[in-house]
Amino acid sequence: MTAVRVDLDARAYELDRSHVFHSWSAQAALHPVVLAGGRGCRVWDHAGREYLDFASQMVNVNIGHQHPVVTAAIADQAARLATIGPATANLQRGEAAQRITALAPDGMDKVFFTNGGADANENAIRMARLHTGRDKVLSTYRSYHGNTGAAVVATGDWRRMPNEYARGHVHFFGPYLYRSEFWASSPEEESERALRHLERVVQCEGPSTIAAILLETVPGTAGILVPPPGYLAGVRAIADRYGIVLILDEVMCGFGRTGRWFAFDGYDVRPDLITFAKGVNSGYVPVGGVVISDAIARTFDDTVFPGGLTYSGHPLAAASIVAALDVMADEGIVAHAERIGRTALGPALAELAGDCPVIGEVRGEGVFWAVELVADRATREPVSAATMARVKSDLIARGYLPFLADNRIHVAPPCVVTEAEVAEGAAILRDVLTALSAEEI
Ligand code: PLP
């Protein structure tokens, strides 16, 4: 039996390497892990080799793998009506929109559904442009907003990529105290100076040309940069001062990841548009969307909103959202993420930082943490790409699936991670990083 399963793993690997063209990869150097099943925080291959999924795949499997209530809801919907077009009305889609708006601030009563996070940002940008009659969009250099047309241009991290859409996008520096652009020495100073910088950018670009400021509430892929005190409220004030739409991108940080339903619930800020995807249904079916303020929604009462795709508001996605959000509420998953971050995951990573000189900084909240690796703590010089490649293969070899970005390990297990799993994951990280610290990096 095991031999047969090993054969399935070999076949899956061979088929993949022969015929699948992977995203975000140089194809020749790829060695994808074969996955055949999963439950909670664990996934496994056909032969039963297990991995602790401390990446939640793409930081999206917030309720853990294969929650039976959600998979049953998808199967049930598939058996009744597997597909319908977006222009129809459907109970599950309405219920999904109602569940999401119930979590949003008052006066945000409509949801536009998309297929994922990038097209949520695309459509939010389009709404802001049509609502204001202005063109420019401001976003931060350290950001990731997706990999389609306007979303890739809004993404600060990837400005270096060639693209044909770079119209009306301007970047600015957000707060990042560990590598401050503002020579700040405290979170308060970083916040104040970053706000002054943003306001200067707005003034220099011409406020009457700026439709939107697009921000990840907690920038994720670019470093899990928890905003300092006063920053988001200050951005809101700048947006208000100049009539600019504030779009908060909650694609990665929303739906429990930070230990709150929306990450912005922890700050004194109210967005005009919220973009979401990933955690809303833990990625069981592709979906995303935009939660829209009543003022912006009214713009389109008598004016056509020119956006939408064949699968917008797909019934399988809608059914999975309803089930996933109900499960999160019924099982207290968001409160669990907050508690486990505060009492187990955060302390475990802080302890690790104390013991491993290769760790420059640990930061985060809930189940959303970055461990920044440096060759030298004094200069904060990042470790090399070769070191990160070694960290990656060592972690996988020990049964830990990581999310790595630049010189960082992003520790982002499902929100349901247990104390025992935190201890297990931290022990693997310790093994790998201690081995590194002991040698020349
Ligand atoms: N916005 C943020 C903050 C993200 O982290 C991502 C993906 O990682 C996206 C947008 C794009 O989402 P998708 O890959 O579903 O298009």
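Our subject is the structure that appears above.
Basis of the calculations
- Residues numbered from 1 in each chain as written.
- Predicted model: local features only at pLDDT ≥ 70, side-chain atom pairs only at ≥ 80, totals over all residues.
- Helix = DSSP H or I, 4+ residues; strand = E, 2+ residues; numbered from the N terminus.
- Buried ≥ 20, exposed ≤ 12 C-beta atoms within 10 Å, placed from the backbone.
- Contact = placed C-beta atoms within 7 Å.
- Axes fitted to C-alpha atoms, helices over the stretch in contact; angles between N-to-C directions.
- Parallel < 35°, antiparallel > 145°, perpendicular 65-115°, else oblique.
- Left-handed = near helix turned anticlockwise from the far one by under 90°.
- Nonpolar A, V, L, I, M, F, W, Y, C, P; charged D, E, K, R; others polar.
- Near = placed C-beta within 6 Å.

Help me understand the overall build of the chain in this model?
On a plain count of helices and strands, the chain comes out with 13 helices and 16 strands. Burial statistics for the chain: of 441 residues in total, 49% are counted as buried. Restricting the contact set of the chain to residue pairs at least 6 apart, pairs at least 24 apart contribute 74%.

Is there a simple way to think about the packing of helix 3 (residues 68-80) against helix 10 (residues 315-330) in this case?
How two helices sit against one another is set out by the angle between their axes and by the gap between those axes. The interhelical angle for the contact between helix 3 and helix 10, taken along N-to-C directions, is 150 degrees, at an axis separation of 8 Å. Viewed along their axes, helix 3 and helix 10 adopt a mutual orientation that is roughly antiparallel. Handedness of the helix 3/helix 10 crossing: right-handed. Across from Val-69, Val-70, Ala-73, Ile-74, Gln-77 and Ala-78 in helix 3, the residues of helix 10 making contact are Pro-315, Leu-316, Ala-319, Ser-320, Val-322, Ala-323, Ala-324 and Val-327. In terms of residue class, the contact of helix 3 with helix 10 is made up of 12 nonpolar, 2 polar and no charged.

I keep staring at the packing of helix 7 (residues 187-205) against helix 8 (residues 231-241) and nothing clicks. Help me out?
In the contact formed by helix 7 and helix 8, the axes pass within 9 Å of each other and the chain directions differ by 20 degrees. Relative to helix 8, the element helix 7 is oriented roughly parallel. Helix 8 is crossed by helix 7, and the crossing has right-handed handedness. Of helix 8, the residues touching helix 7 (which contributes Ser-191, Ala-194, Leu-195, Leu-198, Glu-199 and Val-202) are Tyr-231, Gly-234, Val-235 and Ile-238. Looking at the contact of helix 7 with helix 8, its residues break down into 7 nonpolar, 2 polar and 1 charged.

Before we go on, may I ask you to explain the site of the ligand in this structure?
If you check the shell around the ligand, you find 16 residues, and the closest are Gly-116, Gly-117, Ala-118, Val-251 and Met-252. A per-element tally of the shell around the ligand places helix 5 (residues 117-132) first, with 3 residues. In the shell around the ligand, the residues fall into 6 nonpolar, 8 polar and 2 charged.

Help me out: how do you make sense of the environment of Val-411 in this one?
Note on placement: Val-411 falls in strand 16 (residues 408-411). Under the C-beta neighbour-count criterion, Val-411 is labelled buried, with 28 such atoms within 10 Å. It is 9.1 Å that separates the C-alpha atoms of Val-411 and Gly-364, two residues lying 47 residues apart in sequence. Look past the residues within four positions of Val-411 in its chain and what remains in contact with it is Phe-54, Leu-345, Leu-349, Trp-369 and Val-371.

By themselves, these are just geometric observations and shouldn't be taken as functional.
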